[in-house]
Each structure stands twice: as C-alpha cells, then as structure tokens.
Amino acid sequence: MTRSPCTPLLLATALAVLLPALTLSGPAQAASATYHVDNRSGSGCSDSGPGSAQQPWCTFAPVNARTYGAGDRILLARGAAWKEAMKLRGSGTAAAPVEVSAYGSGVRPRILKGTEDNGISLYNPSHWAVRNLEIDGRGAKKLTYGVVASYKGAEGIGHEGLTFSGLYVHHTHMGIRVGGDAEPSKDQWAVKGVRMRDITGKHNGVSIAFGDDKGRKHFIQDTVLTDLALNNDDGTPDPRPEECPNSLTLQSMTRVTVMDSVVSHAGGCRVTTGTTGIYLGHVADVDLTNNIVAFTQQSGSPDQSGVNYEGWTDDVAVRGSLLTGNVRWGVALQDIHAGGPNTRVTVESNAIVDNGQPPVASLGDDTRSDGVIRGNLWKGDSLTTTVSGGSFDKIAVSGNAGPTGEGRVWYAARDFATGQGLNQWRYQHSPDGGATWKDLTYQNGDGSWRPSAGALPVLNKWRWHPVGGKGLVARTWTAPRDGTVAIRGQAAKADLGGDGVRVQIRHGDRQVLTPHGLSGGNRVGIPTSVDSLPVKAGDTLRFIVDPGAAGDTAHDTTSWAPVVGYL
C-alpha cells in the first residue's frame, strides 16, 4: 500500500521553518518581579512606567524587551485585549517558575491577530507556566500558532517544566505547539515535564501538536495532558490546503498520559493524506486513558478515524475510552511504513461503537503491528477489518464483548448531567459502608455532585473522590429494560500518591465485581469488566469507589468512566 503519512510526520518538517527566530537582546532582571499590562481606558497605563498594578504597561513592547527569571510574573488584565504578539525568553526554576497569567475580574485577557504570525512565542523555555488566557487567531491572515514553545539549536537541549492551563485557543493554524530543531542525543531531551490542563481548542487546523522535525522519540519526555476539550477543528476562517489532519498530534515523545479529555469533530477540511482525531507517530510509552474521541468529520479525506497509530510507535495503549461517531474506524493501525511498525499496541476496556466502519482496522502490508485487542465493548458487523493487505496475525484478540444491540450505550462521562436520573444515572454516597444510600446534590459553583458545597465525597464528569472511614461514593445506573448487559471501564488514579482506593460494582445488593485495589501511583489503572449480566427493567448497577481499608482519603481522586451496553 503506497500512501503518504497521515500528516504530522511531514507536517513537522514543513512547519519547522515557521518556528519563530527570536532575538536574544534585552536586559536580564536579577530579582523576581511582577509586571501588569492593561490597555483599557482609565487604567492609567504607560509603557515607560513600572508595570505595577497602579501604573501598568499598555502594550507588549516592554514585556518583550526583558529576559525573565525565577518567580517573575507577567499579568494581563481581565477584560482587556491586544492585537500584539508576546515574544518571551528566560527561565524559571522548579520552585519558582515564570508565569504568564491574568489578574482582576471578568473574562480572560485576549490576544488577537495583529501583524505578527504567532500569539505567544517562547524560546527554549524552562519552568514557564502560561495560564488563563484566550487567543483568537482570526484576521486577514490568521495566526500560525496561538502559543509556540520552540527548542532550537544547542541551547534547545535539556529543558524542563512547561505548563499550560486554562487556555482557550481558537481560529489559528495550530493552537499550541511544542517542537523545534534541537538535536538531543538519545540520553538527552529537548524538554521534559510538560503539563497541559483545562485547554479548549476550537476551529483550529490542529489544536495541540508536539514534535520535532526528525521523529526522535526522546525529544519530548514525561508529558501529562488532562481535561482537554478539542472540537470542530476545521481551519476556519479560510482553511489552508491540508490544514485539518487531526486535533491532537503526539509525536517525538516518550512517556505520555492523555486522560479525561474530549476530542470531537476533528478533520473538518479535506486532507489528501488522511484525517483522524488523535495522531500517534514516533512515540513510546503512551497511555490514552478515559477519553472521548468522537465524530471525526466527513471531509472526503482518507482514514477519518478516531485514533490513528501512524507508525514507529511502541507500547501505546488506548484504554477506558469512548470511540464513537467517527466516519470510519474507531482505531486505525497503519502498517504502511516499512521499518516503522506499531509494536506492543494495546486497545483495552474501551467502548468502540457507532462508527461508520468496524471498530479496529489494520491498513497496509508494509509491516505488521503487534499487541493486544482485549476486553472492549463493541458495535458493528465485526470487531476488526483489514484494508489493502492489513493483518491481525501478530495481534491477540480476546475477551471482547459485542456486538451491542440497537440503541445507545451508557458511558458515564459522556452522560454526566446536572439532574438525578438523567441518562439513567444517579450520583450517590453511603456514609455507612453501603448499608444505606443517599443522593448527592449538584453544585453549580464547580459543576460537581457533593453532599454540600466543598464537602466530600465528590463526583464530576470524569473523577471521583471518596470520603474517609466507611464512606462510599457511587454512580448508579438503572436498567431501562430487560436484557443482558456487558460492563467495561478502566479505573485509574488521577492524583498520584496516598494509599490508593478500591473500586467495585454491585447489581442491587450483589457484588458482580469484587473490591479491587488501585494503588496510589497507578495512573495506568485496572480494567473493570463484567462480560454478561442479565438485568430486569429497574435493576440498579452501582459503581463504587471507597478510600481503602485504612480510610485515608489523601490523593484519592480517581478517574473512571464505566460503560454499560445491552448485548
């Protein structure tokens, strides 16, 4: 099978020339300082002033003129907007990172398209945190990057600590990019310890992308991405040719976790090399745990899958996720690159349902993927399919439940609601070890279910945190009709540490999954499967988390999105 890579293996090289060439001039600051920027009428701003809260700077010119050090802060006024670019350099420390964030009240500060190609550019950053901003790339020529961290040259090796959180990035060519042309040896890295949390990307070409221009797996190491909401990546306005290959590009990376995230409606414009929701290439030791990857769009492109193993991947797992509504397959294993197989593939404990074609596909005969496909809940004419000579000869397929019947499956995170009983789910707790159960109360302030504001236990879309002692917290599903169901899911620690928790499943008063311990450091998690369970209309299935035998609740936040489907 002859075909170009699904996009980013070549895209990275093409985009490398667009990475900013930042100047290194500017006075270094010896002591940590906080600088305020507010260009609104009445702010009293002056670029020649001190950048204080009382006399903030007006523009980014004085921001860009400095080199920053440990503990420095650049704060943008909420409610303000700039048609300018930030060009940032310097390094913080692990204990005192450099921070770019917001101050005051109101909506997030906005960085708009001006005359520059990028919104925020960071050159060889170590220990930076960028938080609580909106970047709107619309313009006569939209932003190339909303935020770009570029690791270039000999100085681009050995950096650590890069955090992005609370960002809304939209209508750019690429929302957030971490990459560069640095050439670390195999025992080095460009950047280690990247964290992204609570990132919304919308109407970009690609919302988030990682990678260098040579496919080195060690370039970016130890990355954790949580609470991403990437949707409708269609390149508007005016998509460039081949602009919309996927929403999340993972390449040139080792040790990656993507958890509790939604990637929806990716691939909104035609790409001749193919589209997908999440792209994986030149990566190792990756866990995609408890995510929704849905509705990759009909654009007339090849692939149009949910998750794409492009090639040169090793030990990449998709677990506990809902893969649904994609034009073709939920998972595509590309065997089209001689010398670049997908080794130790794991597709486990997912719900792969209502896609346009069978759940898992093997494409091409230039190599052979190996690994396991086990314990999934699936829907379709068959679980697997081969295209253009593809094969599952080296993949063990076992323990998968399906096909599910007509109608929906119930995936707890997708079905999360603000009212009890909606989508068949209730949110409950027991103070006495399960002898009695009480409904929790929805808290508008933080979008969670609790006994009262700020109290434990707590349930939100993805996460659970029990209360101490004999306290249990549960999602309770009520069967809408008679039949036989299968249950799947993956319980994993979202907050590492502590003595762990236990998870169990009860059908009425009967245990159908006995308490399973989940250790405090287990971010990979454990499967929570019941293959075949007869139920009557009105029966309850209660999915329970408790704090463990010692009753200690420190670091007990757990990610778990159980799914129920009729067979």
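What you see is a predicted model, and the numbers here were worked out from it, not measured in a lab.

Peer 1: Explain the state of the cysteines residue by residue, including any values.
Peer 2: Covalently bonding the sulfur atom of one cysteine to the sulfur atom of another cysteine gives a disulfide. In the structure shown here, the tally under the stated rule is two disulfides. Put simply, Cys45 and Cys58 are joined by a disulfide, and their sulfur atoms are 2.1 Å apart. When the S-S torsion is 100°, as for the bridge of Cys45 with Cys58, the disulfide is right-handed. Placement of the pair is Cys45 in the loop between strand S1 (34-37) and helix H2 (61-64) and Cys58 in the loop between S1 and H2, with a sequence separation of 13 residues. Linked covalently through their sulfurs, Cys244 and Cys269 form a disulfide whose S-S length is 2.1 Å. Torsion about the S-S bond of the Cys244 and Cys269 cystine: about 110°, corresponding to right-handed handedness. Taken as a pair, Cys244 in the loop between strand S15 (220-231) and strand S16 (248-264) and Cys269 in the loop between S16 and strand S17 (275-294) lie far apart in primary sequence, 25 residues in all. Classification of Cys244 as buried rests on a relative accessible area of 0%. When the cysteines of the chain that form disulfides are numbered from the N-terminus onward, they connect as 1-2, 3-4.

Peer 1: Any chance you could break down the sheet that holds strand S37 (residues 483-488) for me, citing the residues and the numbers?
Peer 2: Read across the open sheet, the four strands follow the order S29-S45-S37-S42; overall the sheet is antiparallel. The open sheet terminates on both sides in strands that have one partner only, identified here as strand S29 (410-411) and strand S42 (530-535).

Peer 1: Give me the lowdown on the sheet that holds strand S31 (residues 438-439), citing residues and values where you can.
Peer 2: Within a sheet, adjacent strands bond to each other through the backbone by hydrogen bonds, running parallel or antiparallel. With antiparallel pairing, the six strands of this open sheet are ordered in space as S31-S30-S36-S43-S39-S40. Two strands bound the open sheet, and with one partner strand each, they are S31 and strand S40 (510-518). Here two bridges tie strand S30 (residues 425-430) to S31, and the two strands are oriented antiparallel to one another. Note that in S31 the partner of Gln428 across the bridge is Asp439.

The rules behind these values
- Residues numbered from 1 in each chain as written.
- Predicted model: local features only at pLDDT ≥ 70, side-chain atom pairs only at ≥ 80, totals over all residues.
- Heavy atoms only, no water.
- Disulfide = S-S within 2.5 Å.
- Helix = DSSP H or I, 4+ residues; strand = E, 2+ residues; numbered from the N terminus.
- Buried < 20%, exposed > 50% of the residue type's maximum accessible area, 1.4 Å probe, protein only.
- Pairing = 2+ DSSP bridges.

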